[in-house]
Amino acid sequence: KTDLEAALGRSVSMANDANCLALSEAVDGAGADGRIVFAVILGTGCGGGLAIDKHVVEGRNGVGGEWGHIPLPRRGGEGWPSRPCYCGLSDCLEQYLSGPAIEHGHLERSGQSMRVTDIAQSAARGGDAAIETLSLFHDRLANALAVVVNILDPDVFVLGGGVSNLPGLAETIQPMLAERVFGGECVTPIRVAKHGDSSGVRGAAWL
């Protein structure tokens, strides 16, 4: 940021794609009716962004909302080999919830190399392996979002990224939250980004 400001001779606003998504959707998108908006990117990577009162919250260390790099919650005794992450930690959400991670997991379990969209289509046709892959993904995503509810209790979750376009994803995850959060109740809506793939650049413009 300081290098760009020096080169351009003017102030520069800078935020990552998840924060820009959160801002765009908080201002006039799927989260416009909420005060605390937590945005989730599920695509080639996995990330999160936080906007409160229509302002991005980056935090003291600049890592506010970095949901993609918290460890995947392991509920129900599920076990699997540890997955190292490029960030230097292990078992980050990105290694389980991103598109490539879903495809890799499906290949490991079924021996089938398929894109996420093809996995979803196979599941819709009744393919057992695809149904298992999506079920596991849904369970992991619900567990990970429940952590956010227990800490922030946001007014709305907004999903972005290519994986968020899977048919019925938000509707599937919605009822799964209640049984995973403290108190056993959760009415936080989960919505797909209103502005789709344009939301990131819209958020940058809002900055």
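It should be noted that the structure appears before, not after, this text.
Below or above, wherever it landed, is the structure these notes cover. Predicted model, so just to flag it, every value in this text is computed and none were measured. (Residues numbered from 1 in each chain as written. Predicted model: local features only at pLDDT ≥ 70, side-chain atom pairs only at ≥ 80, totals over all residues. Heavy atoms only, no water.)

**Let's talk about the overall build of the chain**
Working step 1: In terms of helices and strands, the chain carries eight helices and five strands.
Working step 2: In the chain, the order of α-helices and β-strands from amino to carboxyl end is α-α-β-β-β-α-α-α-α-β-α-β-α.
Working step 3: Against the compact-globule benchmark of 17 Å for 207 residues, the chain has a radius of gyration of 17 Å, which places it among compact chains.
Working step 4: Put simply, the chain shows about 10,500 Å² of open surface, and 53% of that area lies on carbon and sulfur atoms.
Working step 5: Between the mean site of the 16 positive side-chain charges and the mean site of the 24 negative ones, the chain shows a separation of 2 Å. (Helix = DSSP H or I, 4+ residues; strand = E, 2+ residues; numbered from the N terminus. Rg over C-alpha atoms; globule rule 2.2 N^0.38 Å. Areas by Shrake-Rupley, 256 points an atom, 1.4 Å probe, with all protein chains shown as cover. Lys, Arg positive; Asp, Glu negative; His and termini not counted. Charge placed at Lys NZ, Arg CZ, Asp CG, Glu CD.)

**Considerations on the pattern of salt bridges**
Working step 1: Scanning the model with the defined rule gives seven salt bridges in all.
Working step 2: In this structure, D33 and R191 form a salt bridge, with 2.9 Å as the shortest nitrogen-oxygen distance. Separated by 158 residues along the polypeptide, D33 in the loop between α2 (17-28) and β1 (36-42) and R191 in strand β5 (residues 190-192) bring together distant segments of the chain.
Working step 3: Take D33: its relative accessible area is 60%, and that puts it in the exposed class.
Working step 4: What emerges from the salt-bridge pattern is a single network uniting D139, E179 and R180. (Salt bridge = Lys/Arg side-chain N within 4 Å of Asp/Glu carboxyl O. Buried < 20%, exposed > 50% of the residue type's maximum accessible area, 1.4 Å probe, protein only.)

**Concerning the packing of aromatic side chains**
Working step 1: Here the structure, examined in full by the defined rule, presents two aromatic pairs.
Working step 2: Taking the centre distance of 6.1 Å and the plane angle of 80° together, the rings of F38 and F157 count as edge-to-face. In this pair, F38 sits in strand β1 while F157 sits in strand β4 (residues 156-160), placing the two residues 119 residues apart along the sequence. Per residue, the accessibility class of F38 equals that of F157, and both read buried.
Working step 3: Among the aromatic residues, those joined into a cluster by ring pairs are F38, W67 and F157. (Phe/Tyr/Trp six-rings, centres within 6.5 Å; stacked < 30°, edge-to-face > 60°.)

**Here's the deal with the nonpolar core**
Working step 1: The biggest cluster of nonpolar side chains holds 40 residues, and the ones touching the most others in it are L42, W67, L97, F137, L141 and L145.
Working step 2: Secondary structure elements with two or more residues in this core: β1, β2 (46-52), α3 (94-97), α5 (116-124), α6 (128-151), β4 and α7 (169-173).
Working step 3: For this core, the leading source of residues is α6, giving 10 residues.
Working step 4: Among the nonpolar cores identified, the runner-up in size contains 12 residues, and A22, A26, V158 and A193 belong to it. (Core = buried A, V, L, I, M, F, W, Y, C linked by side-chain atoms within 4.5 Å.)

**A few points about helix α4 (residues 99-110)**
Working step 1: The end-to-end C-alpha separation of α4 is 16 Å, in line with the 16 Å expected for 12 residues at 1.5 Å each.
Working step 2: Within the sequence span of α4, burial applies to G99, A101, I102, G105 and H106. With its buried residues spanning 165° around the axis, α4 presents them on a single face.
Working step 3: Phi turns positive, to about 80°, at G111, one or two residues after α4. (Expected span 1.5 Å × (residues − 1). Arc of directions from axis to C-beta.)

**Side note on the pairing of β4**
Working step 1: Most of β4 sits out of view: five of its five residues are buried.
Working step 2: Residues of β4 alternate between two faces, with V156, V158 and G160 on one and F157 and L159 on the opposite face, all of them buried.
Working step 3: Two strands pair when backbone bridges link them, and β1 and β4 are joined in this way by five bridges, in the parallel orientation. Residue V37 lies in a different strand from β4, and its bridge partner there is V156.
Working step 4: Examined bridge by bridge, β4 and β5 share three bridges and lie parallel to one another. (Pairing = 2+ DSSP bridges.)

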